[in-house]
Amino acid sequence: MLKVNFDYVNKNHLVNFNEYRERVAEVDSMIKNKTGAGNDFLGWYDWPKNYDKEELERIIKKANHYIETYDTLVVCGIGGSYLGAVAAIDAINGLLPTSKMKIVYLGNTLDPNYVHETLSYLKDKNFAVCCISKSGTTTETSVSFRILKEMVEEKYGKEKAKDAIVCVTDKARGALKTLANKEGYETYILPDDIGGRYSVITAVGLFPIACAGIDVKELLAGCYDAMLEYDNPDINKNMAYQYALERHYLYQKFGYKVEMLGSYEPRFRMLNEWWKQLYGESEGKEGKGILPTSCVFTTDLHSLGQYIQDGEKILFETILYIEKPNFDVTVISDKEDLDGLNYLAGKKLSFINKKAYEGTLEAHSKSGGVDNICLTLDEMSPRALGHLFYFFMKACAMSAYLNEINPFNQPGVEIYKKNMFHLLGKKGY
Ligand code: PA5
């Protein structure tokens, strides 16, 4: 279903898989046997098989109840506690979704304008809230949730608020867990051994995704397919490891410090953001790591395209292409042809988009000398998306370990928080 090809990587930049065979097998065993740095955060590895089946049924039941009862769900979370859900919902439902329940996001910023706008928008909505925070203490999320909780209680009364609010958090610890228990909110668990950026396949992603009317069992089935597919320690047979190794090689051997993930569909913009967090937080530490950036073509060919083609040679591209769009549009014929477009009359936009993709690959790699790794999916379905999520997570673990980095911590994220707490006068800072 997912194909990786290196046809547009300069022949001299292609890694020889066999030279790294042993090292890749060694890292594979570190992942499987949980012996590497950060090994207590490898719960995602066999999650597609071991996830809590009873909890999934509860999630689906409550999501269906929400869809029937409320018109809007506010997902309150930030970073790993939000990006997976928005990535999946946009990727499947598109940017002007027709799903019965509208999903909006809060708790992902401290910008008073956005928070004010969203709260004003919610005033006359019949909304429910899903608050997601592993720690339960993240400022952005807690500040917004405090306001949302009060709005819900004012709107429906304290008793009905028990139905209108759910929380996804640690199974036992943290301020959000304590609050949810005290108020009687339904809770779902973010397991101890799964970090935020690997949590889209847990309740963190699944509850909001289910509320958007997407089949989460299919998404998990796609993760399961990928778990089996990318379990082979042999680099010659494992495409997730091939992707990880080639990008590692471009970085280590040729000094390409930037990877640009691109696609040809605007609804993948937030998928790019999810991927950026996954790779940026997993690999960017100890003064090392590829900087993940992104673009959406053909839109960004009219802006960043110039730099990619002609600018300094600091980057390589990874392009995600979907063979079959869910919908298509045909260019119509015009009697006068004043715009000179009749040469495209009768052609489908999917065909034109594909030619743009092929032309750009050729332009960037051959004329521009920019290596392109190509990822191709037949279609974007919940199952294919689950597969893609797992592919990127598995490749990320391999890639970080190849670079001798712990993929599962994020010490750098903490520093700004400490400074901010100090400036805000929080006790103990
Ligand atoms: O990946 C991470 O760990 C972070 O991006 C967190 O997900 C983010 O900071 C939110 O944390 P929490 O879920 O504790 O509110």
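For every chain, the first residue of the written sequence is number 1, and numbering continues from 1 onward in sequence order. In view of the model being predicted, local features appear only for residues whose pLDDT reaches at least 70, and side-chain atom pairs are presented and counted only at 80 or more, with totals across whole chains, interfaces and linings using the full set of residues. Excluded from the side-chain calculations are hydrogens and water; all other atoms, namely the structure's heavy atoms, are used.

## Comments concerning helix H12 (residues 269-283)
1) Next: Under the 1.5 Å per step criterion, the end-to-end length of H12 is 21 Å for 15 residues, consistent within 8% with the ideal 21 Å.
2) Next: Burial classes follow relative accessibility: with a 1.4 Å probe on protein chains only, a residue under 20% of its type's maximum area counts as buried, one over 50% as exposed, and anything between as partly exposed. By the criteria applied, helices consist of DSSP H or I runs no shorter than four residues and strands consist of E runs no shorter than two, each listed in order from the N terminus. Considered for burial, the residues of H12 that qualify are Met270, Leu271, Asn272, Trp274, Trp275, Gln277, Leu278, Tyr279, Ser282 and Glu283.
3) Next: The inward-facing, buried residues of H12 contact helix H4 (83-93), helix H11 (239-254), strand S7 (258-263), strand S8 (291-296), strand S9 (315-324) and helix H15 (382-402). Working rule for helices: expected span equals 1.5 Å times residues minus one. Residue contacts are defined here by distance: any two heavy atoms, one from each residue, within 4.5 Å place the two residues in contact.

## Things to note about the sheet that holds strand S1 (residues 2-8)
1) Next: Strands were regarded as paired on the criterion that DSSP finds at least two bridges between them. Judged by pairing direction, the sheet is mixed, and its five strands sit side by side in the order S1-S10-S9-S7-S8 without closing on themselves. The open sheet has two free edges, formed respectively by S1 and S8, since each of these has just one partner strand. With direction set aside, neighbouring strand axes in the sheet form an average angle of 25°.
2) Next: Bridge count between S7 and S9: six bridges; the pairing is parallel. Axes here mean lines fitted to C-alpha atoms, for a helix over just the part in contact, with angles spanning 0 to 180 degrees between N-to-C directions.

## Brief notes about the domain arrangement of the protein
1) Next: These domain boundaries are the output of an automatic or database domain assignment. Partitioning the protein into structural domains gives domain 1 (2-33 + 222-402) and domain 2 (47-214).
2) Next: Here domain 1 and domain 2 have C-alpha centroids that lie 30 Å from each other.
3) Next: Tallying the contact residues gives 23 residues for domain 1 and 20 residues for domain 2.
4) Next: Throughout, the accessible surface (probe 1.4 Å) given up by two parts as they are put together, summed over both, is called the buried area. In this assembly, domain 1 packs against domain 2 so that about 1900 Å² is buried in total across both faces, 74% of it on carbon and sulfur atoms.
5) Next: Put simply, a salt bridge is a Lys or Arg side-chain nitrogen that is within 4 Å of an Asp or Glu carboxyl oxygen. Viewed at the interface, domain 2 and domain 1 are joined by one salt bridge.
6) Next: The partner of Glu281 in a salt bridge is Arg197, and the shortest N-O contact between them spans 2.9 Å.
7) Next: Polar contacts, as counted here, are pairs of nitrogen or oxygen atoms within 3.5 Å of one another; within protein the pair requires one atom able to donate a hydrogen and one able to accept it, and residues that are adjacent in sequence qualify only if both atoms are side-chain atoms. Inspection of the domain 1/domain 2 interface yields five residue pairs in polar contact (both at pLDDT 80 or more).

## So, the pairing of S8
1) Next: Within S8, five of the six residues are buried, leaving the element largely enclosed by the surrounding structure.
2) Next: When S7 meets S8, the two strands line up parallel, connected through six bridges. Note that in S8 the partner of Glu259 across the bridge is Pro292.
3) Next: Between S7 and its parallel partner S8, the chain crosses via H12, and the hand of that crossover is right-handed. Crossover handedness is defined here as right-handed if the route from the first strand over the helix to the second strand goes clockwise, with the strands pointing away from the viewer.

## Details of a nonpolar patch on the surface
1) Next: Patch definition: residues above 30% relative accessible area lacking any salt bridge, with like charges linked at up to 9 Å and the nonpolar side chains Val, Leu, Ile, Met, Phe, Trp and Tyr linked at up to 5 Å. Values of accessible area rely on a 1.4 Å probe in the Shrake-Rupley scheme; residue burial ignores everything except the protein chains shown. Together, Leu110, Val143 and Ile147 give the surface a local cluster of nonpolar side chains, amounting to about 230 Å² of exposed area.
2) Next: Note that Ile147 resides in helix H6 (residues 139-156).

## Overview of the nonpolar core
1) Next: For this analysis, a nonpolar core means a set of buried residues of the types Ala, Val, Leu, Ile, Met, Phe, Trp, Tyr and Cys, connected via side-chain atoms within 4.5 Å. Counting residues in hydrophobic clusters, the biggest one holds 126 residues, and the most contacted among them are Trp44, Leu73, Phe207, Trp274, Leu385 and Phe392.
2) Next: No other element matches H15, which puts 14 residues into this core.
3) Next: For this core, the two domains that each supply at least three residues are domain 1 (2-33 + 222-402) and domain 2 (47-214).
4) Next: The contacts of Leu73, once residues within four sequence positions are left out, are Tyr66, Met101, Lys102, Ile103, Val104, Ala128, Val129, Cys130, Phe207, Pro208 and Cys211.
5) Next: Core analysis: the next-biggest nonpolar cluster, separate from the first, contains 13 residues, Ile319, Tyr321, Tyr357 and Val370 among them.

## Some points on the site of the ligand
1) Next: Residues in contact with the ligand amount to 13 residues; listed here are only the nearest, Ser81, Ser133, Ser135, Thr138 and Gln277.
2) Next: A distance of 2.6 Å separates an oxygen atom of the ligand from a polar side-chain atom of Ser81.
3) Next: Contact between the ligand and Thr138: an oxygen atom at 2.5 Å from a side-chain N or O atom of the residue.
4) Next: When the ligand is considered free in solution it has 380 Å² of accessible area, and contact with the protein chains removes 88% of it.
5) Next: Think of it as three bins: nonpolar holds Ala, Val, Leu, Ile, Met, Phe, Trp, Tyr, Cys and Pro, charged holds Asp, Glu, Lys and Arg, and polar takes everything else, Gly as well. Taken together, the residues of the shell around the ligand break down into one nonpolar, nine polar and three charged. Think of it this way: one heavy atom of a residue within 4 Å of a molecule or strand is enough to make that residue near it.

## A short note on the state of the cysteines
1) Next: The term disulfide is used for any two cysteine sulfur atoms that are within 2.5 Å. Tallying each qualifying case throughout the model produces zero disulfides.
2) Next: Cysteine Cys131 remains unbridged, with the sulfur of Cys76 as its closest cysteine sulfur at 4.4 Å.
3) Next: For Cys131, a relative accessible area of 2% gives the class buried.

## What to know about the pairing of S9
1) Next: Across the 10 residues of S9, eight count as buried, placing the element largely inside the fold.
2) Next: With helix H14 (residues 349-367) bridging S9 and its parallel neighbour strand S10 (residues 372-379), the resulting β-α-β unit is right-handed.

## Some remarks on the packing of aromatic side chains
1) Next: Each pair of aromatic rings taken from Phe, Tyr and Trp, with Trp reduced to its six-membered ring, is defined by centres within 6.5 Å and is described as stacked if the planes are under 30 degrees apart, edge-to-face if over 60, and tilted in the remaining cases. Inspection of the entire model under this criterion finds 28 aromatic pairs.
2) Next: Between Trp44 and Phe408 the ring centres are 6.3 Å apart and the planes differ by 50°, which places this aromatic pair in the tilted class. One end of the pair, Trp44, is in the loop between helix H1 (21-32) and helix H2 (47-50); the other, Phe408, is in the loop between H15 and helix H16 (411-424), with 364 residues separating them in the sequence. You'll find Trp44 and Phe408 in the same group, each marked buried.

## Structural notes on the packing of H4 against H15
1) Next: Running from N to C, H4 and H15 point in directions that differ by 140°, and their axes come no closer than 10 Å. For H4 against H15, the interelement crossing comes out right-handed. In this structure, H4 uses Gly84, Ala88, Ala91 and Ile92 to contact H15, whose residues at the interface are Pro382, Leu385 and Phe389.
2) Next: Each residue belonging to the contact of H4 with H15 can be placed in one class, and the counts come to six nonpolar, one polar and no charged. Each crossing is labelled by how the near helix is turned from the far one, with a counterclockwise turn of less than a right angle marking it left-handed and a clockwise turn marking it right-handed.

## Some remarks on the environment of Lys32
1) Next: Position of Lys32 among the secondary structure elements: in helix H1.
2) Next: By relative accessible area, which is 27% here, Lys32 ends up partly exposed.
3) Next: In sequence terms Lys32 and Asp231 are 199 residues apart; their C-alpha atoms lie 8.8 Å from each other.
4) Next: Excluding anything up to four places from it in sequence, Lys32 contacts Tyr45, Asp231 and Pro233.
5) Next: Here the side chain of Lys32 touches Asp28 through a polar contact of 2.7 Å, side chain to side chain.
6) Next: Among the polar contacts made by the side chain of Lys32, one reaches the main-chain carbonyl oxygen of Asp231 at a distance of 2.7 Å.

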